[in-house]
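Survey of secondary and tertiary structure
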Amino acid sequence: MSGALLADAPGVLAALAQGASAVLLGLGLLFWFAGSWPLLGRASYLTKLHYLGISDTLGSALMLLGLLLRFQREWPLLVLALLSLVVWNTIFGYVLAACSQPRRRP
Amino acid sequence: MSRLIVIALRMLIWLLLSADPELLNVAIGLAVSLALPLPRRVRALSPGQFWRALGESVTALPQAYSQAARLLLHRRLEESVVHDEPARVGGRASSVLVFLDVFRITLTPFTIALGLEGGGRRYRVHELVFEEKER
């Protein structure tokens, strides 16, 4: 029994990875919609940027992690995409926030 | 140290893009990352400072997810405030450190960095405050 289970370990792992990947993709989609919804409201520009950070950076990162579990052979490109996405989105959010501020006198 | 980080970053991007760990490919990548222009003047950066800032940026990731969950669950926004957060390295911090600090502050959904002020002594930070926020 345990021998059969051991022999099937790759299959079990693959199924687990597929399941986890689906969960991550779904969570990422949830973050996307939940973070984008407040953009339609009347909140201030900076408040909307906070929410946009959730959907744009964190949601997309979850989706890429899900893809990473699903297409493990493409890991170098997906890791590159993950790194650049997190860094670029975060710094772009900072640039947008900083540019919205009037220049203060020192 | 700053130049080493720039070169290491270029090598990382090259290796991930090419996905080919052969010696020739690594040599080409190293040659290209050394040949590309480097910043002419860099400010001193000790390895200890760098690793601490990098560690804080990485630990900010799980914090960001927990904050995101709280932000999405607790909708009662009380106010948004702008305050100053002192930079740990006063005065002339290395651009790598400033980058990592801005990344750490902006990554977490409750706070966004708005800029560096006072000659690099403090960050302006925009923060969301909630009624149920317990700290």
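Below, the structure is looked at part by part. Nothing here was measured: the structure is a model prediction, and the numbers come from that model.

Analysis parameters
- Residues numbered from 1 in each chain as written.
- Chains lettered and ligands numbered in written order.
- Predicted model: local features only at pLDDT ≥ 70, side-chain atom pairs only at ≥ 80, totals over all residues.
- Heavy atoms only, no water.
- Helix = DSSP H or I, 4+ residues; strand = E, 2+ residues; numbered from the N terminus.
- Contact = heavy atoms within 4.5 Å.
- Salt bridge = Lys/Arg side-chain N within 4 Å of Asp/Glu carboxyl O.
- Buried < 20%, exposed > 50% of the residue type's maximum accessible area, 1.4 Å probe, protein only.
- Core = buried A, V, L, I, M, F, W, Y, C linked by side-chain atoms within 4.5 Å.
- Buried area = accessible area lost by both parts, 1.4 Å probe.
- Axes fitted to C-alpha atoms, helices over the stretch in contact; angles between N-to-C directions.
- Parallel < 35°, antiparallel > 145°, perpendicular 65-115°, else oblique.
- Left-handed = near helix turned anticlockwise from the far one by under 90°.
- Nonpolar A, V, L, I, M, F, W, Y, C, P; charged D, E, K, R; others polar.
- Phe/Tyr/Trp six-rings, centres within 6.5 Å; stacked < 30°, edge-to-face > 60°.

Quick look at the overall build of chain A now. Along chain A, the regular secondary structure elements total four helices and zero strands. Along the chain direction, N to C, the helices and strands of chain A fall in the order α-α-α-α. Expressed as a percentage of contacts within chain A between residues at least 6 apart in sequence, the contacts between residues at least 24 apart total 68%.

Turning next to the pattern of salt bridges. Close approach of charged atoms allows side chains with opposite charge to pair. Residues and elements named next belong to chain B. All told, the structure shown has two salt bridges over all chains when counted by the stated rule. For Arg-104, the salt bridge identified is with Glu-56, shortest N-O distance 3.8 Å. On the criterion of sequence distance, the pair formed by Arg-104 in helix 4 (residues 95-107) and Glu-56 in helix 3 (residues 47-73) is long-range, its members being 48 residues apart. Here Arg-104 falls in the buried class, since its relative accessible area comes to 18%. Judged by its relative accessible area of 27%, Glu-56 falls in the partly exposed class. Across the pair Arg-104 and Asp-101 runs a salt bridge, and its minimum N-O distance is 3.2 Å. Placement of the pair is Arg-104 and Asp-101 together in helix 4, with a separation of three residues, close to one helical turn. No difference in accessibility class separates Arg-104 from Asp-101, as the two residues are buried. It is possible to trace a salt-bridge network through shared partners that takes in Glu-56, Asp-101 and Arg-104.

Below, the discussion takes up the environment of A:Asp56. Residue and element names in this part refer to chain A. Tracing the backbone through its elements, the reader meets Asp-56 in helix 3 (residues 45-70). Separated by 28 residues in the primary sequence, Asp-56 and Gly-28 place their C-alpha atoms 9.5 Å from one another. If we ignore the near neighbours within four places in the chain, the residues touching Asp-56 are Leu-85 and Asn-89.

Attention shifts here to the nonpolar core. The biggest cluster of nonpolar side chains holds 30 residues, and the ones touching the most others in it are A:Phe31, A:Ile54, B:Leu71, B:Leu72, B:Val102, B:Leu107 and B:Tyr123. Mapped by element, the contributors of at least two residues to this core are helix 2 (9-36), helix 3 and helix 4 (75-99) of chain A together with helix 3, helix 4 and strand 3 (122-130) of chain B. A per-element tally of this core places helix 3 of chain A first, with six residues. Of all hydrophobic cores here, the second largest spans seven residues; its members include B:Ile5, B:Leu45, B:Phe50 and B:Val96.

Bringing the environment of B:Ala35 into the picture now. Its place among the elements puts B:Ala35 in helix 2 (residues 23-35). Sequence separation between B:Ala35 and B:Ile7 is 28 residues; the distance between their C-alpha atoms is 9.9 Å.

Our next topic: the interface of chain B and chain A. Of the residues lining the interface, 31 residues belong to chain B; the matching set on chain A comes to 31 residues. Taken together, both faces of the contact between chain B and chain A bury some 2600 Å²; the carbon and sulfur share is 76%. In terms of residue count, strand 2 (residues 111-117) of chain B provides more of the side of chain B that touches chain A than any other element does, six residues in total.

What follows covers unusual backbone geometry. Residues and elements named next belong to chain B. Phi is positive for Ala-19, close to 50°, though the residue is something other than glycine. Mapped onto the secondary structure, Ala-19 falls in the loop between helix 1 (2-18) and helix 2. Classification of Ala-19 by relative accessible area gives partly exposed; the value is 46%.

So, about the packing of helix 3 of chain A against helix 3 of chain B. In the contact formed by helix 3 of chain A and helix 3 of chain B, the axes pass within 11 Å of each other and the chain directions differ by 130°. One way to sum up the angle between helix 3 of chain A and helix 3 of chain B is to call them oblique. Crossing hand, helix 3 of chain A versus helix 3 of chain B: left-handed. Of the residues in helix 3 of chain B, those in contact with A:Tyr51, A:Ile54, A:Leu58, A:Ala61 and A:Leu62 of helix 3 of chain A are B:Ala64, B:Tyr65, B:Ala68, B:Leu71 and B:Leu72. For the contact of helix 3 of chain A with helix 3 of chain B, the class distribution of residues is ten nonpolar, no polar and no charged.

Within the structure shown, the criterion is met by three aromatic pairs over all chains. Measuring from ring centre to ring centre gives 6.1 Å for A:Phe31 and B:Tyr65, while their planes differ by 35°; the resulting arrangement is tilted. Taken together, the residues span two chains, with A:Phe31 in helix 2 and B:Tyr65 in helix 3. Look at A:Phe31 and you get buried, because its relative accessible area is 9%. By relative accessible area, which is 21% here, B:Tyr65 ends up partly exposed.

Function cannot be inferred from these measures alone, as they are strictly geometric.
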